[in-house]
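Observations on the model geometry
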Amino acid sequence: MKRLGTGLLDQLYPPTCLHCDAPVGTAQALCPACFRELRPITAPLCPRLGIPFEVSLGSDAVSAEAIADPPPFDRSRSALLYNAVARKLVSRLKYGDRPELAAFCARLMVTAGHEFWGAEPVLVPVPLHPWREFTRRYNQSTELARAVAALTVLPLDPLLVRRKKSTRRQVGLTADARVRNVAGAFVAHPDIVAKLRGRPVVIVDDVITTGSTVKAVTRALQKAGVERIDVLSFARVTVGADVV
Ligand SMILES: [Zn+2]
């Protein structure tokens, strides 16, 4: 019956590519041309920041960025470099016009974060300010975290961290201005942290640019007593990457 229902839906709404809307054979997928444009981040990479290395420097070698400005979290991983296809997917995700998109992104994120799952972490999306969530009716980080939680069978807690002050959009701000913009913007709920009993946390975001937002969320969690914190995003901006 379910099969019949899906077949009927496919006839009414033939599945299309999540990026370019070309017809595709199965739902929840990109067409082959768009799929080839994706740039998955794979080893060798910086074990702290998850940024790709051109050549392998050995498993313990960390990036110059991680040495110059050590992140407050343990490890960060991202599924893809933020290029034109990734950007389009993220913008569609933001406005919720393709509900199956979060599941597609989450499958790539589960692979990127494979080192995290053995410790059975709790997933925590980067919160939007309540007013922004109300006007947009949708938090893309929560949708991604929900889809990752479904695939990994791990718990999700969207209430663990909340945004206590409204911040400007980070787009167009310098790295220093981004840090100032989000400093003190987040607070972790102490009662929920107490219930974690030392369980690690994975912060989930859609795109990491300078990392100032996920660092601010990390500091809020640390202040509330969380010790093991990793970060997972769908895409990440890297210097020199093709962001068209
Ligand atoms: Zn396509």
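Scroll up a little and you will see the structure.
Residues numbered from 1 in each chain as written. Predicted model: local features only at pLDDT ≥ 70, side-chain atom pairs only at ≥ 80, totals over all residues. Heavy atoms only, no water.

For the pair helix α5 (residues 101-112) and helix α7 (residues 140-152), interaxial distance at closest approach is 8 Å and the crossing angle is 60 degrees. Compared by their axis directions, α5 and α7 come out oblique. In terms of crossing hand, the pair formed by α5 and α7 is right-handed. Residues A102, A103, C105, A106, R107, M109 and V110 of α5 pack against E143, L144, A147, V148, L151 and T152 of α7. (Axes fitted to C-alpha atoms, helices over the stretch in contact; angles between N-to-C directions. Helix = DSSP H or I, 4+ residues; strand = E, 2+ residues; numbered from the N terminus. Parallel < 35°, antiparallel > 145°, perpendicular 65-115°, else oblique. Left-handed = near helix turned anticlockwise from the far one by under 90°. Contact = heavy atoms within 4.5 Å.)

All right, on to the nonpolar core then. The biggest cluster of nonpolar side chains holds 38 residues, and the ones touching the most others in it are L89, W117 and F234. Every element with two or more residues in this core is listed here: β1 (75-81), α4 (84-94), α5, α7, β5 (201-208) and β6 (229-236). It is α5 that provides the largest number of residues to this core, a total of eight residues. Discounting chain neighbours no more than four positions away, the residues touching W117 are M109, V110, L123, V148, T152, L154, V202 and L232. By size, the runner-up hydrophobic cluster in this structure holds 29 residues, among which are L196, I208, V214 and V217. (Core = buried A, V, L, I, M, F, W, Y, C linked by side-chain atoms within 4.5 Å. Buried < 20%, exposed > 50% of the residue type's maximum accessible area, 1.4 Å probe, protein only.)

For the structure shown, the criterion picks out four salt bridges. A salt bridge links K215 to D69; its shortest N-O distance comes to 3.5 Å. In this pair, K215 sits in helix α10 (residues 212-223) while D69 sits in the loop between α3 (64-68) and β1, placing the two residues 146 residues apart along the sequence. The buried category is assigned to K215, whose relative accessible area is 15%. D69 gets classed as partly exposed once you look at its relative accessible area, which sits at 45%. (Salt bridge = Lys/Arg side-chain N within 4 Å of Asp/Glu carboxyl O.)

So, on to the coordination of the zinc ion. At the metal site, the zinc ion is ligated by C17 (SG), C20 (SG), C31 (SG) and C34 (SG), and these contacts range over 2.3 Å. Bound by four donor atoms, the zinc ion shows angles of 102 to 115 degrees at the metal and therefore tetrahedral coordination geometry. Going along the chain, you hit the donors of the zinc ion in the pattern C-x2-C-x10-C-x2-C. The class for C31 is buried, based on a relative accessible area of 9%. Relative accessible area serves as the criterion here: at 7%, C34 is assigned to the buried category. (Donors = N, O, S within 2.8 Å, 3.2 Å for Na, K, Ca; no water. Tetrahedral: all angles 85-135°; square planar, octahedral: opposite > 155°, others 65-115°.)

Glancing now at the side chain of Q140. Tracing the sequence through the fold places Q140 in helix α7. The residues contacting Q140, other than those within four sequence positions of it, are L93, K94 and D206.

Buried residues of helix α8 (residues 175-182): A177, R178, N181 and V182, and no others. In an axial view of α8, the angular spread of the buried residues amounts to 120 degrees, which keeps them on one side of the axis. Opposite the buried face of α8, by more than 90 degrees, sit the exposed residues D176 and R180. The elements touched by buried residues of α8 are β4 (186-188) and α10. Phi for G184, located one or two positions after α8, is positive at around 70 degrees. (Arc of directions from axis to C-beta.)

This brings us to the packing of α4 against α5. Two elements in contact, α4 and α5, have axes whose closest approach is 10 Å; the angle formed by their N-to-C orientations is 130 degrees. Taken together, the axes of α4 and α5 lie oblique to each other. Here α4 and α5 pass one another in a crossing that is left-handed. Across the interface between the two elements, L89, R92 and L93 of α4 pack against L101, A102, F104 and C105 of α5. Across the contact of α4 with α5, the residue classes break down as six nonpolar, no polar and one charged. (Nonpolar A, V, L, I, M, F, W, Y, C, P; charged D, E, K, R; others polar.)

With that out of the way, let us pick up the environment of V201. Of note, V201 is situated in strand β5. Judged by relative accessible area, which is 0%, V201 ranks as buried. Placed 30 residues apart in sequence, V201 and V231 show a C-alpha to C-alpha distance of 8.4 Å. Excluding residues that lie within four positions of it along the chain, V201 makes contacts with P121, V122, V124, L160, L196, L221, V226, R228, I229 and D230.

Any link to function would need more than the numbers given here.
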